[in-house]
Amino acid sequence: MTPHTATDRMARLRALPKAEVHAHLEGCFEPAVLEQWAQAAGVSMPRPREQLFQFEGLADFLHFLDWACGLARTRGHLAELSYGYSKRLAASGAGYADVIFNPTHWAAWQGRLGAMVDALDAGFQAAEQDGLPPVGLCVSLLRTQSAEAALELVDALVALRHPRVVALSIDGNEAAAGRTGPRFAEAFRRAGAAGLRRTVHAGESSGPQGVRDAIELLGADRIDHGVRAIEDPAVLDLLVERAIPLGICPTSNLVLRVYPSIETHPIDALRRAGVLVSLNTDDPVLLGASLEGEYALCQAAFSWSDDTLRSVARTSIHASFANPDVKQQLLGQLAQW
Ligand code: ADE
Ligand code: ZN
């Protein structure tokens, strides 16, 4: 039966078994927590609390991340963030997530990758003990980094062999960095050879060439955003032929001005072209997104049927870097929805 009220529809989307494969810990700060940490550290706020999360676009947003992450100075701060993400994930009805963090944003943790991963891991472990869903970590390079800095991070990651870390990622501003696929190819090759999965931000601040480079130069198992692949049929063919899934974040693309409206967003056109698409929040608190809200947004804008919702949720599970048992369990639950 089709639910009648908006509340019923939202509850039904929360109950849809799914995974999140594209969310950043950097995007999980609550405004009151930031204000409290800033006060405690004697750091002034960049603007009043009510306007704290108003962004001009990606460059302004990334700049804000450096300020916010700079306030997280203790192990307790990091564990509180990772635990908070798991709580939000469970409240959205997801059974697993791959979460990205980018060490370059966190000034207090420079050169302390192991301690940082341990602190985040403590929050995720506590969450799992409290019955919240499992989470894998994707450690991210920044597009504007040097090749040497990228290799240093990957070598440290490979030496660390932390069981919480499932993948190497790259994020940041491709429009500012220019074409950087060649710069990061060796770092991604080493990560892949060491058994790490690979996820790549592309086709958000870059066009379809960025998506092609993510596949051909960086060996991406999955692409974060990737939406601008819609501009080149040959890149669409590549995504379809190689079955490389996109982790799409419609609200993020609207707030950060990649597209002016959900009606002009290409997610449905990508899906109809045969590209594997999942829905995600990107930076949930900072950009005002919830996972069930992303499903509701697309359901309403594109009149998605239950079969379409199920297929997008299925892609989110298949595309995740969860272990096979977790995937099997979630797919079984999905078949019952
Ligand atoms: N880091 C956090 N969110 C991001 C985004 N949407 N694009 C690139 N880098 C990011
Ligand atoms: Zn992202």
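Refer to the structure above for everything that follows.
Note that the coordinates shown come from a computational prediction; the quantities given were computed from them, not determined experimentally.

Let's shift gears to the coordination of the zinc ion (ligand 2). Taken together, the protein ligands of the zinc ion (ligand 2) are His-22 (NE2), His-24 (NE2), His-201 (NE2) and Asp-282 (OD), with distances of 2.0 to 2.1 Å. Each of the four donor atoms bound to the zinc ion (ligand 2) contributes to angles spanning 82 to 171 degrees, and the resulting shape is irregular. Taken in chain order, the donor set of the zinc ion (ligand 2) reads H-x1-H-x176-H-x80-D. For the pair His-22 and His-24, a shared accessibility class is recorded, and that class is buried.

Our next topic: helix 14 (residues 291-302). For helix 14, spanning twelve residues, the distance from its first C-alpha to its last is 17 Å, which sits close to the expected 16 Å at 1.5 Å a residue. Summarising burial for helix 14: nine of the twelve residues are buried, a large majority. By the burial criterion, the buried members of helix 14 are Leu-291, Glu-292, Gly-293, Glu-294, Tyr-295, Ala-296, Cys-298, Gln-299 and Phe-302. Taken from the residues just after helix 14, Ser-303 is the one with a positive phi, measuring 50 degrees.

Take the site of ligand 1 next. Around ligand 1 sit His-24, Leu-58, Phe-61, Leu-62, Leu-65, Asp-171, Gly-172, His-201, Glu-204, His-225, Asp-282 and Asp-283, and that is every residue in its neighbourhood. Here a nitrogen atom of ligand 1 and a side-chain polar atom of His-225 are 3.5 Å apart. Asp-283 has a polar side-chain atom sitting 2.7 Å from a nitrogen atom of ligand 1. Taken by itself ligand 1 offers 260 Å² of open surface, and the protein chains cover 100% of this. Broken down by element, the shell around ligand 1 gets its largest block of residues, four residues, from helix 3 (residues 58-70). Residue classes in the shell around ligand 1 are distributed as four nonpolar, four polar and four charged.

Turning to the side chain of His-22, a few remarks are in order. Tracing the backbone shows His-22 in strand 1 (residues 18-24). Among the polar contacts listed, one links the side chain of His-22 to the side chain of His-24, at a separation of 3.3 Å. Excluding residues within four positions of it along the chain, His-22 makes contact with Asp-98, Ile-100, His-201, Asp-224, His-225, Gly-247, Cys-249, Asn-280, Thr-281 and Asp-282.

Let's shift gears to the environment of Leu-218. Positionally, Leu-218 belongs in the loop between helix 9 (208-216) and strand 6 (222-225). Considered as a pair, Leu-218 and Pro-182 are 36 residues apart in the sequence and their alpha carbons are 8.2 Å apart. When sequence neighbours within four positions are dropped, the list of residues in contact with Leu-218 reads Arg-143, Ile-170, Gly-181, Phe-184, Ala-185, Phe-188, Arg-198, Val-200 and Asp-213.

Attention now goes to the packing of aromatic side chains. Applying the stated criterion across every chain, the model contains eight aromatic pairs. Measuring from ring centre to ring centre gives 5.9 Å for Phe-29 and Trp-106, while their planes differ by 45 degrees; the resulting arrangement is tilted. Placement of the pair is Phe-29 in the loop between strand 1 and helix 2 (31-41) and Trp-106 in the loop between strand 2 (94-101) and helix 5 (113-129), with a sequence separation of 77 residues. A relative accessible area of 1% places Trp-106 in the buried class. Plain terms: the ring middles of Phe-53 and Phe-64 are 6.0 Å apart, the flat faces sit at 80 degrees to each other, and that makes the pair edge-to-face.

This paragraph deals with the sheet that holds strand 7 (residues 246-248). Taking strand neighbours across the sheet as the criterion, the eight strands line up as 1-2-3-4-5-6-7-8 in an open arrangement whose pairing is parallel. Both outer strands of the open sheet, strand 1 and strand 8 (277-279), are each paired with one neighbouring strand and no more. When strand polarity is set aside, the average angle formed by the axes of neighbouring strands in this sheet is 25 degrees. One ladder, built from four bridges, connects strand 5 (residues 197-202) with strand 6; its direction is parallel. Of the residues in strand 6, the one forming a bridge with His-201 is Asp-224. Packing of helix 5 onto the sheet brings it into contact with strand 2, strand 3 (135-142) and strand 4 (165-171), and relative to strand 3 it is tilted by some 150 degrees.

If you trace the backbone, Glu-174 turns up in helix 7 (residues 174-177). Setting aside residues no more than four positions away along its own chain, Glu-174 makes contact with Arg-143, His-201, Ala-202, Gly-203, Ser-205, Ser-206 and Gly-210.

So, on to the nonpolar core. Nonpolar side chains in soluble globular proteins generally cluster together in the buried interior. The biggest cluster of nonpolar side chains holds 104 residues, and the ones touching the most others in it are Tyr-85, Phe-101, Trp-106 and Ile-223. Among the elements that take part in this core, helix 3 stands out by supplying eight residues, more than any other. Once residues within four sequence positions are removed from consideration, Tyr-85 is found in contact with Glu-20, Ala-23, Leu-25, Cys-28, Ala-97, Val-99, Phe-124 and Val-135.

This paragraph deals with the pairing of strand 2. By the criterion of burial, strand 2 is predominantly enclosed, with seven of the eight residues buried. Taken together, the five bridges between strand 1 and strand 2 define a ladder with parallel strand orientation. Across the sheet, the residue bridging to Lys-18 is Ala-94, located in strand 2. Alignment of strand 2 against strand 3, held across five bridges, turns out to be parallel. Within strand 3, the position partnered with Ala-97 by the bridge is Val-135.

Contact pair helix 4 (residues 75-91) / helix 5: the axes reach a minimum separation of 7 Å and the direction vectors enclose 40 degrees. The pairing of helix 4 with helix 5 is recorded here as oblique in orientation. Where helix 4 crosses over helix 5, the two elements pack in a sense that is right-handed. Here Arg-75, Leu-78, Ala-79, Ser-82, Tyr-83, Tyr-85 and Ser-86 of helix 4 come into contact with helix 5, specifically with Met-116, Asp-118, Ala-119, Leu-120, Ala-122, Gly-123, Phe-124, Ala-126 and Ala-127. Of the residues that constitute the contact of helix 4 with helix 5, the class distribution is eleven nonpolar, three polar and two charged.

Calculation notes
- Residues numbered from 1 in each chain as written.
- Chains lettered and ligands numbered in written order.
- Predicted model: local features only at pLDDT ≥ 70, side-chain atom pairs only at ≥ 80, totals over all residues.
- Heavy atoms only, no water.
- Donors = N, O, S within 2.8 Å, 3.2 Å for Na, K, Ca; no water.
- Tetrahedral: all angles 85-135°; square planar, octahedral: opposite > 155°, others 65-115°.
- Buried < 20%, exposed > 50% of the residue type's maximum accessible area, 1.4 Å probe, protein only.
- Helix = DSSP H or I, 4+ residues; strand = E, 2+ residues; numbered from the N terminus.
- Expected span 1.5 Å × (residues − 1).
- Near = heavy atom within 4 Å.
- Polar contact = N/O pair within 3.5 Å; in protein donor to acceptor, adjacent residues only side chain to side chain.
- Areas by Shrake-Rupley, 256 points an atom, 1.4 Å probe, with all protein chains shown as cover.
- Nonpolar A, V, L, I, M, F, W, Y, C, P; charged D, E, K, R; others polar.
- Contact = heavy atoms within 4.5 Å.
- Phe/Tyr/Trp six-rings, centres within 6.5 Å; stacked < 30°, edge-to-face > 60°.
- Pairing = 2+ DSSP bridges.
- Axes fitted to C-alpha atoms, helices over the stretch in contact; angles between N-to-C directions.
- Core = buried A, V, L, I, M, F, W, Y, C linked by side-chain atoms within 4.5 Å.
- Parallel < 35°, antiparallel > 145°, perpendicular 65-115°, else oblique.
- Left-handed = near helix turned anticlockwise from the far one by under 90°.

By themselves, these are just geometric observations and shouldn't be taken as functional.
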